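# Analysis of the macromolecular model
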Amino acid sequence: MKKNIEALRHSASHIMAQAVMRLYPGTKLGIGPAIEDGFYYDFEFPGSFSEDDLEKITAEMKNIIKEGQPFERQVVSKEEAGRIFSDQPYKKELLDEIPEDEDVSLYRNSEFVDLCRGPHVDSTSRVKHFRLLKTAGAYWKGEEKNPMLTRIYGTVFPTGGELDGYLKMQELARERDHRKLGRELDLFSLHPEEAGPGLVFWHPRGAAVRRAIEDFWLNEHQRSGYELVNIPHVARSRLWETSGHLEFYKDHMYPLMEFEQGGSYVIKPMNCPGHILVYKNSIRSYREFPIRWAELGTVYRYEKPGVLHGLMRVRGFTQDDAHIFCRPDQVREEISRVLRFIIRMLSGFGFREYGVFLSTRPEKFVGTPKEWDEAEEALKEGLKEVSLDYEVDPGEGVFYGPKIDIKIKDSLGRMWQCSTVQVDFNIPGKFELEYVNDRGEKETPVMIHRALLGSLERFFGVLIEHYGGRFPLWLAPVQAELVPVSEKNLEYCLGIKETLESSGIRVGVSAGSDKLGKKIWRLRKLNVPYMAVAGDREAEEGVLSVRKLGGDQMKFSPEEFLKLLQDEISRGKGEP
RNA sequence: GCCGGUGUAGCUCAGUGGCAGAGCAAUCCCCUCGUAAGGGAUAGGUCAGGAGUUCGAGUCUCCUCACCGGCUCCA
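Computed from a predicted model, the values in this text were never measured in an experiment.

Moving on, we get to the domain arrangement of chain A. For chain A, the domain assignment lists domain 1 (2-175), domain 2 (181-466) and domain 3 (480-572). Put simply, the middle of domain 1 and the middle of domain 3, counted by C-alpha atoms, are 57 Å apart.

Here is the structure:
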């Protein structure tokens, strides 16, 4: 089945390329693979091209499909293939990468022929339910220095129902877009013109969610052997020279702040040098290890203009950062502790499926290969110990050490990078960190960087999309809203509000002269989990008519209502 | 940064060279109301910013900024 759909998608990409060649002769072909959700093909058009041209291509594709052209596999010598693609420079480049004596396979349908391993479906008529989706620029072979081609994305399914299902899913994802919900639910805003791109302003309702996240985070860290530290946001550039950031990370840093009387300061793009200064403030003994210092540390990074995206990719963000200082022989234990912690934290937020990636030694690295091997081994053992399946990304580690990245799967099946665990061989040496071992000798500690949620901004964005703006009670900006039927009942509601508030419930009151129906309508749009209506009848009995969002209505006393809320709040955090 | 697109009221969007518009939201008034929008009135704009073409530019051209879809990069 999986193979079939790949052949179908790959065939659709050939048909698209064929249509393009018919409509825009002289187009140079890049590559056109099947991908997870469909297919694409990269083109270099002789003239300009815009998204409006997709309709024309779609129409031509339909002709090709109607023609029912058989796909035929052909094996030719490399030399022969070179002649066939003589006017296709990108195809020739691909040919050059194939060993000299090997034959190559081609797929031909009617006048169109492509260098291709296959397989394909038997006829163009098999491609029935397709849709061209969007165009995009894409570097040839994905490398920034190469020319940019025009990529056309499309998708195709065996049945019309599956295509519709896919398109509906895309629509659902658009409706859940955290940027849209952030505005509608009054959670946050960005002010690119007034304040600068990629800088997040948390509104009261968003800040309430953040506070709930932070409280949970803090509590879990206190239970897990971490101490908290706090460091300033700016520091002399000297500190960042020592750390090497001014040399290696300058492109990602906001410009230096120069003082007239001399000396310059830097706004931190990372928290580690700050934590290191705390470490260096006294002589450390192996007996103190492992030292685990955590901080919700705000950093500022100059990200390229084109990469910013809502809360997911910003220029100022708060990492749930921590640095662990330990002996080399403690690394394995610390790694598995961190991994267990990550899973506990993420499942507390309702994420149960993960993609785990181990990034190993890149070409440019610091430290010795032996150190790297040991650290990679420690990471692997940690993963094994907590029985996490993982993929290896060879050579994708940071120059200073190998790392584990964990992506979480949201309710729409999309993966988001949040957690990261990195071993660092570089920075302890740069800052000449030391500890005294059990023989009274000075040694260099190992440092582990880790973030569980990643950044609060991105994590918030993921949460918004995961829950579609309908947060579980413990995270909801307003947990309960008291709704007086008329202004006569306002006093009664305000009294109950005070009771609930003093027990830590986030509660609002819908005052004002709007009719009940309108107030309810408004609260539903804001996804307030509990609405408690109080009119003359309730006031007389001393109760509330409580309705859960999307649920039934029941009468509760204020005390019963509080208990109900408290129970659900503690259950919601995934606590036992 | 690169390719393509977009920028009109707080939000969603009409307006293709000739008087700046609608719905929602906001404010005020009437209604004191029973579970998915009661009625009326008012206010709200440097049409992203700048330059140009034109008798005349929201509309056409160029530059800048920002955003959107991707590429590259990444928490």
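Additional details are given in the paragraphs that follow.
Another aspect to go through is the protein's contact with RNA strand B. The local shell around RNA strand B holds 53 residues, among which Ala136, Tyr139, Pro305, Arg313 and Glu538 are the closest. Near the protein, meaning within 4 Å, the atoms of RNA strand B are sugar or phosphate in a fraction of 50%, with bases accounting for the rest. Contacts to RNA strand B include glutamate 303, whose side-chain N or O atom sits 3.3 Å from a base nitrogen. Taking arginine 458, its side chain carries an N or O atom lying 3.2 Å from a base oxygen of RNA strand B. For the surface near RNA strand B, the secondary structure elements donating two or more residues are strand 7 (129-139), strand 8 (148-157), helix 6 (178-184), strand 20 (415-424), strand 23 (446-455), helix 16 (516-525), helix 17 (536-541) and strand 27 (544-548). Here the surface near RNA strand B takes seven residues from helix 16, the largest share from any one element. Here the surface near RNA strand B is built from residues that sort into 19 nonpolar, 14 polar and 20 charged.

Next up on the list: the packing of aromatic side chains. One pair of aromatic rings is described through two measures. These are the centre distance and the angle between the planes. Applying the stated criterion across every chain, the model contains 27 aromatic pairs. Both rings, one in phenylalanine 43 and one in phenylalanine 45, keep their centres 5.5 Å apart while their planes meet at 50°; by these two values the pair is tilted. Judged on exposure class, the residue phenylalanine 43 and its partner phenylalanine 45 are both buried. Note on tryptophan 293 and phenylalanine 325: the rings are 5.6 Å apart at their centroids and 70° apart in plane angle, and the pair reads as edge-to-face. Highlighted residues: tryptophan 293 in strand 15 (residues 291-300) and phenylalanine 325 in strand 16 (residues 316-326), separated in sequence by 32 residues. Pairwise contacts between aromatic rings join Phe188, Trp202, Phe460, Tyr467 and Phe471 into one cluster.

Once that is clear, we can look at the state of the cysteines. If you walk through the whole model with that rule in mind, you get zero disulfides. Cysteine 326 forms no disulfide, and the closest cysteine sulfur to it belongs to cysteine 272, at a distance of 15 Å. Since its relative accessible area comes to 0%, cysteine 326 is described here as buried. Cysteine 418 forms no disulfide, and the closest cysteine sulfur to it belongs to cysteine 272, at a distance of 19 Å. Cysteine 418 sits in the buried class, given a relative accessible area of 4%.

For phenylalanine 317, the position within the fold is in strand 16. In this structure phenylalanine 317 comes out as buried when scored by relative accessible area, which is 10%. Once the C-alpha coordinates of phenylalanine 317 and proline 269 are considered, the two residues, 48 residues apart in sequence, prove to be 9.5 Å apart. If we ignore the near neighbours within four places in the chain, the residues touching phenylalanine 317 are Gly297, Thr298, Val299, Arg301, Ser455 and Glu457.

What counts as what
Residues numbered from 1 in each chain as written. Chains lettered and ligands numbered in written order. Predicted model: local features only at pLDDT ≥ 70, side-chain atom pairs only at ≥ 80, totals over all residues. Heavy atoms only, no water. Domains from an automatic or database assignment. Near = heavy atom within 4 Å. Polar contact = N/O pair within 3.5 Å; in protein donor to acceptor, adjacent residues only side chain to side chain. Helix = DSSP H or I, 4+ residues; strand = E, 2+ residues; numbered from the N terminus. Nonpolar A, V, L, I, M, F, W, Y, C, P; charged D, E, K, R; others polar. Phe/Tyr/Trp six-rings, centres within 6.5 Å; stacked < 30°, edge-to-face > 60°. Buried < 20%, exposed > 50% of the residue type's maximum accessible area, 1.4 Å probe, protein only. Disulfide = S-S within 2.5 Å. Contact = heavy atoms within 4.5 Å.

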